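Inside the fold
In case you want the letters, here they are:
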Amino acid sequence: MKKTSFLIQSFFCLLGITPSALLATSCSCSNQPNYDEFTKTLYDSSYSEFIKYIENCPHISNQEIVVIDSDNDSLKEARKYLKDLVQQYGFNPITDEGGNIYYDIPASPGYENCKKIAIQAHMDMVWANAEGWSGEKGKVVSEEETINKKTFVHSKNNQTTLGADDGQGVGIILGITKTANDFNHGPIKCILTTDEDSTVYGAAHLDLAALDTDYLVNVDASTQDISIASAGTQGFRTKITDLQSYDIPDNYKLYSLKILGCKAGHSADAMVDGKGNPTNIAINILKKIKSENNSQILLQSIKDNGQTNVFASESEIVFVCSEAITGNDINRFFNEEKQTFFAEKDMSYVFNEVYTPTNKKAISNDDSTHLMNYLSALPWGLIDKDDETNEMIASANISPVILNPEDNFSFFVSNLTRFATKKWKENFASEFAENKKILENQSFHPTYTDYEESFPIWETNSGNELIQIAQKAYKNINIEPKLKKEKVALETAYFAEKNPNLKMVSIGAIVKNEHNVNESMDLDSYYDLASVILYILRNC
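Just so it is clear, the structure is predicted and the values come from calculations on it, not from any experiment.

1. Quick look at the sheet that holds strand 5 (residues 150-155)
The four strands lie next to each other as 4-5-27-26, forming an open sheet whose pairing is antiparallel. Two strands in the sheet have a free side with no partner beyond their single neighbour: strand 4 (142-147) and strand 26 (511-512). Note that strand 5 and strand 27 (residues 520-522) share three bridges and pair antiparallel. Each residue of the ladder has a partner; that of His 154, found in strand 27, is Ser 520. Contacts between helix 3 (residues 39-56) and the sheet are confined to strand 4, strand 5 and strand 27, with strand 4 contributing the most and set at about 130° to the helix.

2. Quick word on the pattern of salt bridges
The tally for this structure, following the rule as stated, stands at 17 salt bridges. Put simply, Asp 44 and Lys 40 hold a salt bridge, and the shortest N to O gap is 2.6 Å. One end of the pair is Asp 44 and the other is Lys 40, both in helix 3 and four residues apart, which spans about a single turn. Here Lys 361 and Asp 247 are joined by a salt bridge, their closest N and O atoms 2.8 Å apart. Taken together, the residues span a long stretch of sequence, with Lys 361 in strand 17 (residues 361-363) and Asp 247 in strand 10 (residues 245-247) at a distance of 114 residues. Judged by its relative accessible area of 34%, Lys 361 falls in the partly exposed class. Among the charged side chains, a salt-bridge network with shared partners connects Asp 69, Asp 73 and Arg 79.

3. Considering empty space enclosed by the protein
In total, this model carries one cavity of 30 Å³ or more according to the counting rule given. Taken as a whole, the largest cavity spans an internal volume of roughly 50 Å³. Taken together, Asn 62, Glu 64, Ile 65, Val 66, Ile 68, Asp 73, Arg 79, Gly 98, Thr 194, Asp 195, Thr 199 and Tyr 201 make up the full set of residues lining the largest cavity.

4. A closer look at helix 3
Taking 1.5 Å as the rise per residue, helix 3 with 18 residues should run 26 Å; its terminal C-alpha atoms sit 25 Å apart, in good agreement. The set of residues buried in helix 3 consists of Thr 39, Leu 42, Tyr 43, Ser 45, Ser 46, Tyr 47, Glu 49, Phe 50, Ile 51, Tyr 53 and Ile 54. Tucked inside the fold, the buried residues of helix 3 contact helix 4 (76-88), strand 4, strand 5, helix 5 (164-179), strand 27 and helix 13 (523-539).

Cut-offs applied
- Residues numbered from 1 in each chain as written.
- Predicted model: local features only at pLDDT ≥ 70, side-chain atom pairs only at ≥ 80, totals over all residues.
- Heavy atoms only, no water.
- Pairing = 2+ DSSP bridges.
- Helix = DSSP H or I, 4+ residues; strand = E, 2+ residues; numbered from the N terminus.
- Contact = heavy atoms within 4.5 Å.
- Axes fitted to C-alpha atoms, helices over the stretch in contact; angles between N-to-C directions.
- Salt bridge = Lys/Arg side-chain N within 4 Å of Asp/Glu carboxyl O.
- Buried < 20%, exposed > 50% of the residue type's maximum accessible area, 1.4 Å probe, protein only.
- 1 Å grid on protein atoms, 1.4 Å probe; cavity = no way out; pocket = protein on both sides within 12 Å on 5 of 7 lines; lining within 4 Å.
- Points joined across faces, edges and corners; volume = space filled by probe spheres on them.
- Expected span 1.5 Å × (residues − 1).

Encoded structure:
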């Protein structure tokens, strides 16, 4: 870890050498990072608060808009935990109609005329757990692991998501709050928002008073780069209302096909060729069986574990077939699919005959065929990328996919772009029209299709000196950050709409595999983040 041990510091203090002098000595070499003497204190406080938050306080995103602090509000306990802690540290948190928490930390004496800076993070997380996991939903058991001299924190045995998105930001804010009286700084505004990982309701309904500030640092990135734009996202949601269920013929057999091990995760992850959608992979297998055997396939149910901003890692289709299917058939077609989706090296499947079905109905062969053709034709994954930088320009996520004969079939397609330009709206409008055409070509009438703007665009305003301050903060510790435009920092677009003069950047620690059970955070990079935040607070 990039920190001076307590014993070493104590030894030098006995010799009359202060920690600051020790750090000045250790940083005299040009290739040594120039950590502020207070960095370790802020890091220790922030990391401790991060661990306590993710382990003791369920804070799962509300997947739909709810009444704040009602029994249905999954952030009710987290909001109380945060407010009580802030009050314990001597500050007065305000809760607004969006369920957000914000409060002021006054400037140190002599620093009252400094620019006011807001540090912002979202209090919610995406929850996922491994099959067979047992524990309290929303509470993480964490452990550290050192690999090649690098230390990471992740959930114990990789059984659940870690919650570093955005527990890392919550930890930094609580660390600042706890130690605010121990270092010099200008006026600080702390903002903790709700439901960024689902509806972004908090940011959209944040009090204007919370944004009465000169600068805002969004602590929600997952690299050591500086995000200066957030790509907009467009989506459409479809429900097919005229699907009819029928009794399964006695001579037909019911089967379950589950695809597992696809690369789930954050919908902003760079997507590479060869990444698979488990629902589409299962459908491709069924279509091959149908074609080869000239058989009828009747769908009973489809369910994946994705969310509107999370790629699914698994999907199960329960279906009926007029001909017997063997495990060899499934294995042969599965291996063909696996060759196509070469990035999915850990992908597997489970295939079973359902001998005692609880549901003895399925939709018709014609509707099932149309449905499979429709899902196969929709765009998924990487749509476009920049040939020079190899960065994703646009991608689509189809998730969640649900089919239940007792309900409607529904799914959500979200399209996102890496480059925050206004042309993406025109591009998506044409894609949306094409997707409607695909739907209509499959003879589904009537249908409900809702074209919706999920998230607006944010592009940094001209003359944003906060970018230069952040760059200097990184260079001070020998890191050369890139300036990136991507689909992160979704909340910043709403902040910009409320305060067009607000100068913002988004930064963070190195967090990998967000939104799935392999999520981890690099602790050296979290130490670096504490250093960068401290530099910004002292130089605005």
